[in-house]
Amino acid sequence: MEVKTSLLDNMIGVGDMVLLEPLNENSFIENLRKRFDHNEIYTYIGSVVISMNPYRSLPIFTPEKVEEYRNRNFYELSPHIYALADEAYRSLRDQDKDQCILITGESGAGKTEASKLVMSYVAAVCGKGQEVNKVKEQLLQSNPVLEAFGNAKTVRNDNSSRFGKYMDIEFDFKGDPLGGVISNYLLEKSRVCKQPRGERNFHIFYQLLSGASNDTLTKLKLDRDFSKYNYLSLDSATVNGLDDAASFRTVWNAMQIVGFMEDEVQSVLELVAAVLKLGNIEFKPESRVNGFDESRVKDKNDLKEMCELLGIEQSVLERAFSYRTVEAKMEKVSTTLNVAQAYYARDALAKNLYSRLFSWLVTRINESIKAQAKTRHKVMGVLDIYGFEIFEDGDNSFEQFIINYCNEKLQQIFIELTLREEQEEYIREGIEWTNIEYFNNAIICDLIENNQNGILAMLDEECLRPGTVTDDTFLDKLNTICAEHQHFESRLSKNSKFLTDHSLPHSCFRIQHYAGKVLYRVEGFVDKNNDLLYRDLSQAMYKATHSLMKQLFPEGNPAKVNLKRPPTAGFQFKASVGGLMRNLQTKNPNYIRCIKPNDKKAAHIFTESLVCHQVRYLGLMENVRVRRAGYAFRQSYESSLERYKMLCKQTWPHWRGAARDGVEVLLTDCSVPAEEFAYGRSKIFIRNPRTLFTLEERRRACLEDLATLIQKIYRGWRCRTQFLLLKKSQVVVAAWYRRYAQQKKYQKIKSATLVMQSFIRGWKARKILRQLKYEKRCKEAVTTIAAYWHGTQARRELRRLKEVARRKHAVAVIWAYWQGLQVRREYRKFFRANAGKKIYNFTIQRIMQKYFLGLKTTMPSMSPIDNTWPARPYMFLEGAHSELRRIFHFWRCKKYQGQFTEEKKAVYEEKLEASEIFKDKKALYPSSVSQPFKGDYLEIQKNPKYQKLNSAVEDKVLLADVVNKINRANGKGAPRLFLLTKNNFVLADQKTGQVKASVPLPDLTSVSVSTQSDGFFALKLKEGSASAAKGDFLLSSEHLIELITKLHRTGATAADRDQINIDISDEFLVQFNQDKVCVKFIQGGPKNGNSAACKRKNNRLLEVSVPSSP
Ligand SMILES: Nc1ncnc2c1ncn2[C@@H]1O[C@H](COP(=O)(O)OP(=O)(O)O)[C@@H](O)[C@H]1O
Ligand SMILES: [Mg+2]
């Protein structure tokens, strides 16, 4: 842990005056000057901050600075007002201690600025959020409003606060601001009517006249020209660097933010205007019969305008300026006012009006900024009050007296609280408490405020006393009562000591304040203390219709006539200061003491006498002495051990035990005299700053040694590591280089070898190639030569053989011709001239003969369907050969025909007819071709079983067979005997031979069969015929082709009717009784064997499934 104590490190002068050595006024001021010259405007006295006014903006109030000081220890950074604000805020927030910040110093020393800095710092570091920010804004914006009405340009300060201000800022438990309460003390109201040379009235008058719009001014019946108003002194009406018009807008805005209503702002401005108007009312004397002068208003215009502004009856006010009513014991006495009294009354009214307006403003602001929540809150009070005011030429009056009294009180609580805190710390730390000698100013406070014989009490007494009362009678009284008081000095007092003191004028008294002697002139004390406003005036004001005005003068209410005198100014002030002191005593104080470096409001100038004076009356030296009375310096054991541990071997570099023991060891080792320090519970207390500086000096020297040691070790370490690194690197580099060089060499040798190798190989290869090429060429040459040679040989042989063959052929031809010639010559004598033709014919005849004879043996069979025929031997026989074949076929057929009987012929005719009817139309047909048509399958004539049936049939039976009659109800067949004769067909029972139906052929119109291989057929009868009564027949037969053919033939031969119509189709209608039923044939699988099956599908449909023919 590095303990930073900026008070000791890098300091310009000393940051804390407590450490000043030697301590005297000169060194104190020298230290301030040194720091001031280096722009160090803040210096501590323990926890008190001395602030020098830099009179220029320094870059030390930036947001970055705020961050720097935020949450840091007070002594950690260089002295700053932010450090104090932070300390106060943190102990408020974290330790729940109410705080007050007391800012003192003379006018222009920077108190108001300091208070604003504290407030802005607290605003920056405390909580954020919409509500919180609004509160902050209102608190901050109350400043411009109060400054406009309560500040004025003075000789010392262009923006001098002419009132004391104490502001309580309230925080919740988290440290977020809730609101605030402002108290104001003693506004310097005399300024309203009269301003010292080089000064001016309160800012608001000038701001209103320069900044308000023409409209507003007209409404307020005002003129922009300052010179029109008696109350506005003309010298320094404008101030360099102050823009009144802009300030007016700022104030206007601020009032809005703080929460003033539009009409409230208007009322306030009306009152300000009224004050200006009031100043312009002038009086003239008017002689009365009784010889006294009576005042009269000179020019009634301003009076009229003012009355209009405030809604006052002009006559009432006018009368109030001329008469005064005194009420005593139920009696009313009216006396006239002379001109001087009238002016006095006017000014008193103006002052009262303005100061009451100011108080009202404070109350109104308080109403806006007061904390809403009723919860308990923590409070930080900021007191910006005038410091000691001493006018050198003894021109101090009642105001200074009051102000100085206030400072005296503040000093008292300062002493009380500081000493008490000091004392408490000693007790807390268990250090023996030795009484500190310091000047207690309680005695001076007593001189002023004592209820029996205090100066204020006597002033009041004098004011209330009947009879003539003047400032001189008051001084006389003081001279008697306070004569013995050590701090009271007066020429005429009973204390003969001052009889010859010429620095003390007769009309003055002097008080030895704790900060110096102040000479007060008694003139005006009584008047100012009385602060009298004639009742007629307050009643006139109360009668105004202007509501704010009415509010400001409640005592003017005739219903509440109070005969008691109002409390005097001194009394009021004493009471409010008493209240303030009680308030401050409950809080933890933090002091800022402001010092003005020069009287010129200029930067960089340090007027020693001026500073010295302030240091004196602010009691800063006392402050340091009190702080140093016991032990000048204290620090916690941990941080002091951390800071000085290098001074002792045992504690350096680490101390393992408790910090306190470490410090003890350390201090013993450093042989610090025992009376120079004391051990507290958590802190070490050092009596003399010199001891601390000795320690610091030793620490510095030790640090130097340590630094050298560290440097030495570090340098050694660095060189060694550097060397080791270099060495390591060198080895690496060398290894790499060697490797590289070897690699290079090896590669060079390798490539040289390769070159040589390749040359040798090339050379060898070329040699072999040459050899091989030579051998190849030789071989080729040999082959070529051999080929040429063989070719030559072969061609020669071929030529020779061709020659031989040609010659042989020539010989043969010649021989043949020769032979032919020889033969022809020899046989010519044996042949006649036409022998050739005879030979030809003979040859032809022989050939023909041979052909026919041969044909006889090669003749084909007699079957007409035998297609074979021998091949022809010669071309020229073509015609004869095919003609012979045709003739032979016809002949063979004739022979075949010749062997048929009449019966057989009829059979073939039937077959022929069947072929005409069914060929290519019904699939059943081909299987019937090879079956002979037997006709009578039942052998009806021979079989005795059918005897009866036979006899019932008249004609010859052409066909008798068993058929199946299809039952239309279920499609099943029942066997019937079917007989066909020349004229009709009969259906009979199979078992009994009983005739069931006999139908004459002419009644048969058509027969329907399918195209398939089934045996179903329908016999359709002529409509209307007797046989048709029972409907058509649907039958099936195994000999369907024969049956139909016979039926057709028979029908065809019946003389008187047409052929029976044969209808071949897969779907036909059959008439059963009344209904027509459709018989439909479908191709079915062979599941019922090979026979077709009939099945009734519905009433109108019989479906015959026919197995597909194989
Ligand atoms: N911290 C500061 N930095 C810059 N200027 C300052 C500072 N404090 C005071 N001043 C200047 O000094 C003037 C008077 O300061 P002010 O606070 O009004 O004095 P006081 O309230 O003590 O009479 C200010 O108007 C400003 O110009
Ligand atoms: Mg001020």
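Here the structure is a predicted model, which means the values were calculated and not measured. (Residues numbered from 1 in each chain as written. Chains lettered and ligands numbered in written order. Predicted model: local features only at pLDDT ≥ 70, side-chain atom pairs only at ≥ 80, totals over all residues. Heavy atoms only, no water.)

1. Quick notes on the UniProt feature "binding site: ATP" (unreviewed entry) in the protein
Then step 1. Sequence positions flagged by UniProt for "binding site: ATP" (unreviewed entry) are, in local numbering, Gly105, Glu106, Ser107, Gly108, Ala109, Gly110, Lys111 and Thr112.
Then step 2. Within the secondary structure, Glu106 sits in the loop between strand 3 (99–104) and helix 4 (111–125).
Then step 3. Exposure remark for Glu106: the relative accessible area of 8% places this residue in the buried category.
Then step 4. Here Thr112 is to be found in helix 4.
Then step 5. Residue classification places Thr112 among the buried positions, given a relative accessible area of 14%.
Then step 6. When near neighbours in sequence (up to four residues on either side) are disregarded, Thr112 contacts Glu147, Ser161 and Asp384. (UniProt positions renumbered as here; feature names shortened; annotations may be inferred. Helix = DSSP H or I, 4+ residues; strand = E, 2+ residues; numbered from the N terminus. Buried < 20%, exposed > 50% of the residue type's maximum accessible area, 1.4 Å probe, protein only. Contact = heavy atoms within 4.5 Å.)

2. Quick word on the site of ligand 1
Then step 1. By nearness alone, 15 residues border ligand 1, and Asn53, Gly108, Lys111, Thr112 and Glu113 come closest of all.
Then step 2. Backbone polar atom of Ala109 to an oxygen atom of ligand 1: 3.2 Å apart, as the coordinates give it.
Then step 3. Calculation on ligand 1 without its partners gives an accessible area of 550 Å², and the protein chains cover 83% of this total.
Then step 4. Residue composition of the shell around ligand 1, grouped by class: four nonpolar, seven polar and four charged. (Near = heavy atom within 4 Å. Polar contact = N/O pair within 3.5 Å; in protein donor to acceptor, adjacent residues only side chain to side chain. Areas by Shrake-Rupley, 256 points an atom, 1.4 Å probe, with all protein chains shown as cover. Nonpolar A, V, L, I, M, F, W, Y, C, P; charged D, E, K, R; others polar.)

3. Description of the coordination of the magnesium ion (ligand 2)
Then step 1. Only Thr112 (OG1) and Ser161 (OG) from the protein coordinate the magnesium ion (ligand 2), and they sit 1.9 to 2.1 Å from it. Taken together, the residues Thr112 in helix 4 and Ser161 in strand 5 (residues 160–161) connect sequence positions 49 residues apart. Comparing Thr112 with Ser161 shows no difference in burial state: the two are buried. (Donors = N, O, S within 2.8 Å, 3.2 Å for Na, K, Ca; no water.)

4. Observations concerning the environment of Thr868
Then step 1. Summarising the element assignment, Thr868 is placed in the loop between helix 26 (835–857) and helix 27 (878–898).
Then step 2. By relative accessible area, which is 48% here, Thr868 ends up partly exposed.
Then step 3. Here the side chain of Thr868 touches Asp866 through a polar contact of 3.0 Å, side chain to side chain.

5. Examining helix 31 (residues 1040–1053)
Because each turn of an α-helix spans 3.6 residues, side chains separated by three or four positions in sequence point in the same direction.
Then step 1. With 14 residues, helix 31 extends 20 Å from end C-alpha to end C-alpha; this agrees with the ideal 20 Å at 1.5 Å per step.
Then step 2. Counting buried positions along helix 31 yields eleven of 14 residues, so the element is predominantly enclosed.
Then step 3. Leu1040, Ile1041, Glu1042, Leu1043, Ile1044, Thr1045, Lys1046, Leu1047, His1048, Thr1050 and Gly1051 are the residues of helix 31 that are buried. (Expected span 1.5 Å × (residues − 1).)

6. Topic: the nonpolar core
Then step 1. With 191 residues, the main nonpolar core has Phe28, Leu32, Phe149, Phe205, Leu317, Ile455 and Phe509 as its most contacted residues.
Then step 2. The greatest single-element share of this core, amounting to 15 residues, is contributed by helix 12 (residues 339–369).
Then step 3. Contacts of Phe205, omitting those with residues within four sequence positions, involve Leu232, Val272, Val275, Leu276 and Tyr354.
Then step 4. Core analysis: the second largest hydrophobic core is formed by 31 residues, Phe985, Val999, Phe1017 and Ile1062 among them. (Core = buried A, V, L, I, M, F, W, Y, C linked by side-chain atoms within 4.5 Å.)

7. Structural notes on the sheet that holds strand 29 (residues 1075–1084)
Then step 1. Overall, mixed pairing links the four strands, which are arranged 28-29-31-30 in an open sheet. Either end of the sheet is taken by a strand with one partner, and the two such strands are strand 28 (1067–1072) and strand 30 (1093–1098). Within the sheet, the average angular offset between the axes of one strand and its neighbour, ignoring direction, is 30 degrees.
Then step 2. In this sheet, strand 29 lies alongside strand 28 in antiparallel orientation, the contact comprising six bridges. Residue pairing in the sheet places Phe1068 in a bridge with Val1079 of strand 29. (Pairing = 2+ DSSP bridges. Axes fitted to C-alpha atoms, helices over the stretch in contact; angles between N-to-C directions.)

8. Re the packing of aromatic side chains
Then step 1. Inspection of the entire model under this criterion finds 37 aromatic pairs.
Then step 2. A ring pair is formed by Tyr426 and Phe685, whose centres lie 5.6 Å apart and whose planes are at 55 degrees; its orientation type is tilted. One end of the pair, Tyr426, is in helix 13 (residues 398–429); the other, Phe685, is in strand 19 (residues 683–686), and 259 residues separate them in sequence.
Then step 3. Feature note: the residues Phe398, Phe401, Phe474, Phe488, Phe509, Tyr520 and Phe525 constitute an aromatic cluster, connected by ring pairs.
Then step 4. Above the face of the Tyr206 ring, Arg200 is positioned so that its terminal group lies 4.1 Å from the ring centre.
Then step 5. One cation-aromatic arrangement involves Lys550 over Tyr542; the distance from NZ or CZ to the ring centre is 4.6 Å. (Phe/Tyr/Trp six-rings, centres within 6.5 Å; stacked < 30°, edge-to-face > 60°. Lys NZ or Arg CZ within 6 Å of the ring centre and 35° of its normal.)

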